[in-house]
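Survey of secondary and tertiary structure
Chain by chain, the residues run as shown.
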Amino acid sequence: MKHLALAASLLASTLLPTTSFADPDPANWDTVLDEAKGQTVYWNAWGGSPTTNAFIEWAGDQIKDRYGVTLEHVKLTDTADAVTRVLSEKQAGQDDDGAIDMIWINGANFASMKDNGLLFGPFAEDLPNWQFVDAEGKTVRSDFTVPVEGYEAPWAMAQVVFMYDTADIAEPLPSAAAILEWAKAHPGRFTYPQPPDFLGTTFLKQMLVELLEDPSVLAEPVSDENYVEVTTPLWDYLEELTPALWREGRAYPPNGTRQIQLINDGELDMAVSFSPSAASTAIANFELPDTVRTFVLDKGTIGNASFVAIPYNSGSKAGAMVLADFLMSPEAQAHAQDPNVLGYGTVLNMAALSDDDRARFDALDLGIATLTPAQLGRVQDEPHPSWMTRIAEDWQSRYGVQ
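All residue numbers refer to position in the chain's written sequence, counted from 1. The predicted nature of this model means local features are confined to residues of pLDDT at least 70 and side-chain atom pairs, given and counted, to a pLDDT of 80 or more, with totals for whole chains, interfaces and linings taken over all residues. The basis for the side-chain values is all heavy atoms of the structure; hydrogens and waters are excluded.

1. A short note on unusual backbone geometry
We count it as follows: The helix and strand labels rest on DSSP assignments: H or I over at least four residues marks a helix, E over at least two residues marks a strand, and numbering proceeds from the N terminus.
A cis amide bond links Gly 121 to the next residue, Pro 122, at an omega of 0°. Residue placement: Pro 122 occurs in the loop between α5 (107-115) and β4 (142-143). The peptide bond linking Pro 195 to Pro 196 adopts the cis configuration, its omega dihedral lying at 15°. The phi angle at Arg 247 is positive, at roughly 55°, despite the residue not being glycine. Structurally, the position occupied by Arg 247 is in the loop between α8 (227-241) and α9 (256-264). Even without being a glycine, Phe 286 presents a positive backbone phi close to 60°. Mapped onto the elements, Phe 286 comes out in the loop between α10 (278-284) and β9 (292-295).

2. A few points about the pattern of salt bridges
Opposite charge on two side chains makes pairing possible when the charged atoms of those side chains draw close. Put simply, the test is: By definition, a salt bridge exists where a carboxyl oxygen of Asp or Glu is found within 4 Å of a side-chain nitrogen of Lys or Arg. Categorising residues by exposure relies on relative accessible area from a 1.4 Å probe, with only protein chains included: less than 20% of the type maximum marks a residue as buried, more than 50% marks it as exposed, and the intermediate range marks it as partly exposed.
Taken as a whole and assessed by the stated rule, the structure comprises 14 salt bridges. Notably, a salt bridge pairs Arg 85 with Glu 89, separated by 3.4 Å at the nearest N-O pair. Placement of both Arg 85 and Glu 89 in helix α4 (residues 79-91) is noted, with a separation of 4 residues, approximately one turn of the helix. Judged by relative accessible area, which is 45%, Arg 85 ranks as partly exposed. Look at Glu 89 and you get buried, because its relative accessible area is 5%. Where Arg 358 meets Asp 355, a salt bridge forms, and the shortest distance between an N and an O atom there is 2.7 Å.

3. Digging into the sheet that holds strand β8 (residues 270-273)
Formally: Strands qualify as paired when DSSP identifies two bridges or more between them. Note on method: axes are straight lines fitted to C-alpha atoms, helices fitted across the in-contact stretch only, with angles between N-to-C directions ranging 0 to 180 degrees. We call two residues in contact when some of their heavy atoms are within 4.5 Å.
Spatial ordering of the open sheet is given by β8-β7-β9, a layout of 3 strands whose pairing is antiparallel. The sheet is open, and its two edges are formed by β8 and β9, each paired on a single side. Neighbour to neighbour, the strand axes of the sheet diverge by 30° on average, direction disregarded. In the sheet, strand β7 (residues 161-165) pairs with β8 via 4 bridges, with the strands oriented antiparallel. Across the sheet, residue Val 161 finds its bridge partner in β8, namely Ser 273. Each of β7, β8 and β9 is contacted by α9, which is oriented at about 155° to β8, the strand it contacts most.

So this is what it looks like as structure tokens:
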């Protein structure tokens, strides 16, 4: 009986909450590096792309060799699954050494974790490589209008560009007004995917941001009081543009892929994209003529960042910060921007880099149709998601086709 009592006592002790150690301080980087050695970071990230998976494997090799941190890629099909896992652990009282150490996250998933107290931080702006991030020129301090406040670190950028065939359009079109003027002069040679396709709604967002004198109103949720006034410039613009579109606006391509096919077939001269390297990739794959190039608008175009965040109950916070910092390094950013690796846009400010680090980017062959980071210019903020939900519904009633 004594042995049974002792066993029960030992079992009970293993069920007690583990000791909660102080979280590492990102401002004390030497201590973070010491604590990170030997840690394993379970990075929950989308696993649907062989090129992305290969990049993550490369990053793991780098931090293992340099910092003694092991990276395990937990391949996700839906980021919400990771959010649910962390929430479940919190509800179960598992506040230490959770199953997830870092998440590739954006938008609503980040907002949910932030609102529910599921994130470690703030940490991002204390990481050593933050000094190179273009915090003023790129949307890295907000995530679909939600203030980041240091609770996630940026590692890749996407940005609206316009693809155009230089055989038919001599110069880039610098504004919504210039696009309208050109479309009227060349009817049927431009269109955009039919909302609610992502690229279609992105075009509507881009034109609205461009047309408003003060687009900051779009950072707040839409309301009945201001919706008509704010969106009237967009509807006035579309009233003029739609008759000049491909098939006079009586049909729309279903997605971005179809847009590219229409250019290749000689039916369109211009298309919208959210990937600065899309045209170069399509040219390399013989899906577009080699006369296609890209441009952005003079006032800038909408962009958003991909971020990584650290759950509040990660047992490897130091290792996760080492990984997040490495992903923002000039070396990793240049590697990710290589079209042969990922072709992702960089979050860095070229002017902040040393000559040697800037040379990493200058040496890249981005493809004949891809703009350099400097040429991409200013990045405009994404509107609050509620605007696009309502605008897409309104567009459908005004212009939607079956």
